[in-house]
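What follows is each chain in one-letter form.
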Amino acid sequence: DISMGKIKTNLGDNIRTLRIEKGWTQVYLADRLQITAPFLAQIESGKRGTSLELVESVAELFEIPIASLFLEQITNYAESKSYVRDVELKIAEKQLQEIISENITKTFERLRER
């Protein structure tokens, strides 16, 4: 079970990590996001939540999937990127299996009708 506090902590830690990896200051990132540096500091410290619109802006700015911002640790981005890709692949595989199954069923129904 994940609490709202844990979500805010993960989000804040990940934003800070990504910002530091880019060598950006809080003032610079806050300016890019059109928020104040103190507000960003509160988000990074996990003391404050934020809107989904701002989360989306952060993801766009760092060119990462939104979901990766909520992972336990984004410090190894390659790992988190791989995790998100694996989840997306599993979903795509399930959808493909359903489509294939439907097509096979329809094909057999057409064959029986002849």
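Residues numbered from 1 in each chain as written. Predicted model: local features only at pLDDT ≥ 70, side-chain atom pairs only at ≥ 80, totals over all residues. Heavy atoms only, no water.

A. Representation of the packing of helix H2 (residues 26–33) against helix H4 (residues 52–62) within the structure. Axis separation between H2 and H4 bottoms out at 10 Å; the angle between their running directions is 110°. The orientation of H2 relative to H4 falls into the category roughly perpendicular. As H2 runs across H4, the sense of the crossing is right-handed. Residue-level inspection shows Leu29, Arg32 and Leu33 of H2 in contact with H4, the latter providing Leu54, Ser57, Val58, Leu61 and Phe62. For the contact of H2 with H4, the residue count by class is six nonpolar, one polar and one charged. (Axes fitted to C-alpha atoms, helices over the stretch in contact; angles between N-to-C directions. Helix = DSSP H or I, 4+ residues; strand = E, 2+ residues; numbered from the N terminus. Parallel < 35°, antiparallel > 145°, perpendicular 65-115°, else oblique. Left-handed = near helix turned anticlockwise from the far one by under 90°. Contact = heavy atoms within 4.5 Å. Nonpolar A, V, L, I, M, F, W, Y, C, P; charged D, E, K, R; others polar.)

B. View of the nonpolar core. Among the nonpolar cores identified, the biggest contains 19 residues, and Ile15, Leu29, Leu33, Ile35, Phe62 and Leu69 are the most heavily contacted of them. Counting only elements with at least two residues in this core, the list comes to helix H1 (4–22), H2, helix H3 (37–44) and H4. Of all the elements, H4 adds the most residues to this core, at six residues. Those residues in contact with Leu29 that sit more than four places away from it in its chain are Ile15, Arg19, Trp24, Leu40, Glu44, Leu61 and Phe62. (Core = buried A, V, L, I, M, F, W, Y, C linked by side-chain atoms within 4.5 Å. Buried < 20%, exposed > 50% of the residue type's maximum accessible area, 1.4 Å probe, protein only.)

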